[in-house]
Amino acid sequence: MGTKERILVSGGAGFIGTHTVVQLLKDGFKVSVLDNLDNAVQEALDKVRELVGPQLSNNLDFHLGDIRNLDDLEKLFSQTKLDAVIHFAGLKAVGESVANPMRYFDNNLVGSINLYKVMAKYNCKKLVFSSSATVYGQPDRIPCVEDFELKAMNPYGRTKLFLEEIAQDLHKADQKWRIILLRYFNPIGAHESGMLGEDPRGIPNNLMPYITQVAVGRLPELNVYGHDYPTPDGSAIRDYIHVMDLADGHVVALEKLLQRNDIGCVAYNLGTGRGTSVLEMVAAFEKVSGKKLPIKLCPRRAGDATAVYASTDKAERELGWKAKYGIDEMCRDQWKWASQNPWGYQSKP
Ligand SMILES: NC(=O)c1ccc[n+]([C@@H]2O[C@H](COP(=O)([O-])OP(=O)(O)OC[C@H]3O[C@@H](n4cnc5c(N)ncnc54)[C@H](O)[C@@H]3O)[C@@H](O)[C@H]2O)c1
Ligand SMILES: O=c1ccn([C@@H]2O[C@H](COP(=O)(O)OP(=O)(O)O[C@H]3O[C@H](CO)[C@@H](O)[C@H](O)[C@H]3O)[C@@H](O)[C@H]2O)c(=O)[nH]1
């Protein structure tokens, strides 16, 4: 297979980024990763290289840099011809964004605007953007359909909402832009090899990393936030999606972006279309890991929705993409990663 275009993957050392880079390299793309390692480590990209082997690793280069710094972007774009960008770089902790909104506006908004300026200057106007189901706010109806009204519930969500609107405006002003906005539901799981996975810094905010750290003994028990929701078991429902399905979704979106000139600026949900409750997730994880997870039933977490899941029709119809994996495979791969790497990419501190 010959090599294809060169893709800039901003934030490519992070959780979703590393899994996507593996699939891009395997698909024959050349990849330049730009990451400031704010929430990632170099070792993650070493694992990517190990996974794809020495030959495909030649198609991967890493640039330590920050999208808030125009010089870092200029340096990269002036030295390398980039054909498209998958833009993952950003901060994503909802609670932190409430406490420190300026950090989120600076990193996610200013950083992305810088990136788009430099992309335009170097005539690289093909973009896949990491949006989020957070743009649906507390949806009035489920499943969430792409043309629902959007709303932000917190500063993190506001950055995603603004960035979707900024992308629409960019395209309105200059039709050479081709932009795909991917709204991820709840990405979990890990590469099936157990070599790549999510490695959050500090105490995890999200359900699956928390469950994992309880299972390996790093945390004593799981707090289940809310057991009085109007759902069958009283806990909240989300649409969890295997990170490898998500990675494949990026590859198909990118292929479409490169092949078609009638993309415009368009949003797709990436989810499975199925909802799973917190307690169902605990049970599924216990089954694959053989570990009993101590849980504590706690009050609802402020700002959480009762039930959120995706309509996947549009992605199926227009991208030809559908998630392959279910909850059991997500838990299996999450456990493989965690049991092989209980302290993530680095050894026990
Ligand atoms: N994981 C989720 O639940 C989820 C859900 C919806 C959307 N998203 C979005 O997907 C994207 C990737 O998420 P992830 O889960 O892989 O997170 P992550 O934190 O693992 O990856 C983000 C990467 O971006 C890098 N980064 C952050 N700020 C940067 C900057 N200014 N310059 C250069 N690099 C920078 C980080 O070091 C990290 O490697 C984010 O934009 C996130 O908001 C994630
Ligand atoms: O220790 C925990 C952590 C979470 N939960 C619950 O588990 C569910 C899922 O929570 P979490 O994993 O934090 O995901 P969300 O709150 O759905 O938000 C994630 O998914 C959104 C949609 O993609 C993104 O926008 C957010 O950035 C990302 O954190 C919620 O009901 C939480 O209350 C617990 O019960 N205990």
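Rules used in this analysis
Residues numbered from 1 in each chain as written. Chains lettered and ligands numbered in written order. Predicted model: local features only at pLDDT ≥ 70, side-chain atom pairs only at ≥ 80, totals over all residues. Heavy atoms only, no water. UniProt positions renumbered as here; feature names shortened; annotations may be inferred. Phe/Tyr/Trp six-rings, centres within 6.5 Å; stacked < 30°, edge-to-face > 60°. Helix = DSSP H or I, 4+ residues; strand = E, 2+ residues; numbered from the N terminus. Buried < 20%, exposed > 50% of the residue type's maximum accessible area, 1.4 Å probe, protein only. Near = heavy atom within 4 Å. Polar contact = N/O pair within 3.5 Å; in protein donor to acceptor, adjacent residues only side chain to side chain. Areas by Shrake-Rupley, 256 points an atom, 1.4 Å probe, with all protein chains shown as cover. Nonpolar A, V, L, I, M, F, W, Y, C, P; charged D, E, K, R; others polar.

For the protein chain, the name recorded in an unreviewed UniProt entry is UDP-glucose 4-epimerase, with Salvia divinorum as its organism. Comment text from UniProt for the protein chain, heading Pathway (unreviewed entry), reads "Carbohydrate metabolism; galactose metabolism." The Cofactor (unreviewed entry) field of the UniProt record for the protein chain holds the comment "NAD(+)".

1. What to know about the packing of aromatic side chains
Enumeration over the complete set of coordinates arrives at six aromatic pairs. Centre to centre, the rings of Tyr116 and Trp177 are 6.2 Å apart; their planes meet at 70°, and the pair counts as edge-to-face. With Tyr116 in helix H5 (residues 101–121) and Trp177 in the loop between helix H6 (155–173) and strand S6 (178–184), the pair connects residues that are 61 residues apart, well separated along the chain. Exposure class is identical for Tyr116 and Trp177. Each is buried. Geometrically, the ring pair formed by Trp337 and Tyr345 is tilted, given 4.9 Å between the ring centres and 55° between the ring planes. As far as burial versus exposure is concerned, Trp337 and Tyr345 are alike and both buried. Three or more aromatic residues joined by ring pairs make a cluster, and in this case those are Tyr136, Phe148 and Phe185.

2. Structural notes on the site of ligand 1
Close to ligand 1 lie 28 residues, the nearest being Phe15, Ile16, Asp35, Asn39 and Lys92. Within the backbone of Ile67, one N or O atom sits 3.1 Å away from a nitrogen atom of ligand 1. Taken by itself ligand 1 offers 820 Å² of open surface, and the protein chains cover 95% of this. Mapped by element, the contributors of at least two residues to the shell around ligand 1 are helix H1 (15–26), strand S5 (126–132) and H6. Counting residues per element, the shell around ligand 1 draws most heavily on S5, which supplies three residues. Its residues assigned to classes, the shell around ligand 1 shows 12 nonpolar, 10 polar and six charged.

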